[in-house]
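# Observations on the three-dimensional arrangement
Next come the chains, spelled out residue by residue.
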Amino acid sequence: MDIVMFFIFLVTDLFMILICMFYYGKIEKYSAGMILGVHIPREEVENADVQDICNKSRKAWKLFNRINLAAGILVCFFCLLGVEIFLVIWLVWLVEYIGGMEYLTIVPHRKMYRLKVANQWMDTKTARMAYIDTAVSVMAEQMAVSWQWHIPVLLLVAVTGILPGMKTFLTDESGFRYLYFMTLGISMLFLFLHVRLTKRSHTVYSKDTDINYAVNRMIKRAWSLTLLGASSFNGIAWCFLVFEAVRNKWLSGMDYGIYCIIQAAAALFFLTVIQAYRKKDEILSGDREALYVDDDEYWKDGWYNNPNDKRIVVQNRMNTMNYTFNMGRPAGRAICIGLFIFTAAVILWVVVIMLRFHYVRVIFTYSDTHAQFEAAGYKCSFDLSEIESAELLTEMPEEGFIKTNGGATDDYSIGYFTGRESGKCMLFLTEDCKPILKVTLPDMVIFANSEESGEVKEWYRILRQENL
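Residues numbered from 1 in each chain as written. Predicted model: local features only at pLDDT ≥ 70, side-chain atom pairs only at ≥ 80, totals over all residues. Heavy atoms only, no water.

### A look at the confidence of the model for the protein chain
Condition: Per-residue confidence from the prediction method is given by pLDDT, with values spanning 0 to 100. Counting from the N terminus, the helices are the DSSP runs of H or I reaching at least four residues and the strands are the DSSP runs of E reaching at least two.
Of all residues in the protein chain, 90% have pLDDT values of 70 or greater, and the mean over the chain is 84. The lowest-confidence element of the protein chain is helix H4 (residues 134-138), averaging 56 in pLDDT; the highest-confidence one is strand S13 (residues 445-448), averaging 94.

Dropping the structure here:
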């Protein structure tokens, strides 16, 4: 388990860092009339003050990328020492990485904007201009791959919910049910984004219509292919689980592992987008008739703030692959603040949960009529009269257990599980301690052990005695 997580996070960190290095490590280069997200006259690119800001930004990015590339790799080794501490450290590193990127993007941008204002390199004529290429507008919806290709994928996923043999899984297995609706939701989201992409107006980059058409078509096709490919892999991964569930009446950990691999493979489609933007930069860098709107006033703080613009979401100035909120609109501010609070709450929640699992101890309490097992925040209470049987086992049954809600590592298995033969279970197991107490209830089976010698036998004696 620890080795698997090590490689999953290692690949994730490398993929994330290399992508960010590619995009955010080039903002000091002159492109589309801008340096560091600020419009600068072409003849001022070699200005000593401009180059000084660019060189400092370039050095800072290079140092930042090297440090975080090493940190992103090294932090994964904590996974071999314990998943709980690793996830806390990894989240701390991730917050540092994202915060560092924001700092290295915004601070040089503000310096460049102040330099522009001081030198009066403002182009007030274009500040409120909007360019339109009518020839490209006519063909705007023909540039992307048709969104209708999403419909077969969406219907296929939806139909699997009514297949013979699926009713039991969707009714009894909450994790499988959530996965079904999540898969449907993801496919619908990709469809929605694809439609929005198709309907979105084109961007005018140049006085040359051929360049405008070529760049807009390339970007829209790349994104539409990526969305369609990701949606297809999402459907394929789900259909694989359905096939295994119907065929074996059971899903193993290996099945879920293959599902995750298929889902992760969808990320390869984003290479198409990366290549498209790289080609776009090459095309526009050689365009001598480039057009731009000097709207830097709305970006002077490092984010977009234009109360007169009705749009809530706009393309990011620093990275054209991203979109950002218009902080000049109340809805834009509310959504941005809401997302920030939600993200912070999720991170805090994960940290609290992980710290619970750092030291796991199974606690058993009982009264004249009730008993309860508890560990890492998970509890199972039951009436003593509900006990159908209680027995001591020297080993866990060889049937396979799938976690539906809880934690499972090489050191513990705590929470809700499903056994291939036992059905719904709650496990309160730490390390490889023996014996194991098995308590059978009408709708659940409990497996529990303890690191304290003789404690499990005492639990067994109490339950047997109270159940006589």
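### Some remarks on the packing of aromatic side chains
Operational definition: Between rings of Phe, Tyr and Trp, where Trp is taken as its six-membered ring, a pair exists when centres lie within 6.5 Å; planes separated by under 30 degrees are stacked, by over 60 edge-to-face, and by other angles tilted. Under the scheme applied here, a residue whose accessible area is under 20% of the maximum for its type counts as buried, over 50% as exposed, and between as partly exposed, the area being computed with a 1.4 Å probe on protein chains only.
Enumeration according to the criterion identifies 24 aromatic pairs in this entry. Arranged with centres 6.5 Å apart and planes meeting at 50°, the rings of Trp 90 and Trp 93 form a pair that is tilted. In this pair, Trp 90 and Trp 93 are both assigned in helix H3 (residues 83-119), three residues apart and thus about one turn of the helix distant. Neither residue differs from the other here; Trp 90 and Trp 93 are each classed as buried.

### Focus on the pattern of salt bridges
What counts here: By convention in these notes, a salt bridge is any Lys or Arg side-chain nitrogen within 4 Å of a carboxyl oxygen on Asp or Glu.
Counted according to the given criterion, the structure contains six salt bridges. The shortest N-O distance in the salt bridge between Asp 52 and Lys 56 comes to 3.5 Å. Note that Asp 52 and Lys 56 are positioned in helix H2 (residues 48-74) at a spacing of four residues, about one turn of the helix. The exposed category is assigned to Lys 56, whose relative accessible area is 54%. Where Arg 311 meets Asp 309, a salt bridge forms, and the shortest distance between an N and an O atom there is 2.7 Å. Under the relative-accessibility criterion, Arg 311 is labelled partly exposed at 46%. In this structure Asp 309 comes out as buried when scored by relative accessible area, which is 12%.

### Digging into the packing of H3 against helix H11 (residues 330-358)
Going by this rule: Geometry is summarised by axes, namely lines fitted to C-alpha atoms with helices restricted to the contacting stretch, and by angles between N-to-C directions that run from 0 to 180 degrees. Relative orientations are named as follows: roughly parallel for angles under 35 degrees, roughly antiparallel for angles over 145 degrees, roughly perpendicular for angles from 65 to 115 degrees, and oblique for any other angle. Two helices that cross are described as forming a left-handed crossing if the nearer one is turned anticlockwise from the farther one by less than a right angle, and a right-handed crossing if clockwise. Note on contacts: a residue pair qualifies if any of its non-hydrogen atoms lie within 4.5 Å across the two residues. Residues are grouped as follows: Ala, Val, Leu, Ile, Met, Phe, Trp, Tyr, Cys and Pro are nonpolar; Asp, Glu, Lys and Arg are charged; all remaining types, including Gly, are polar.
Axis separation between H3 and H11 bottoms out at 8 Å; the angle between their running directions is 155°. Taken as axis vectors, H3 and H11 run roughly antiparallel relative to one another. The way H3 lies across H11 gives a crossing that is left-handed. Together, Glu 84, Ile 85, Leu 87, Val 88, Leu 91 and Val 95 of H3 and Ile 347, Val 350, Val 351, Met 354, Leu 355, Phe 357 and His 358 of H11 make up the contact between the two elements. Considered class by class, the residues forming the contact of H3 with H11 number 11 nonpolar, one polar and one charged.

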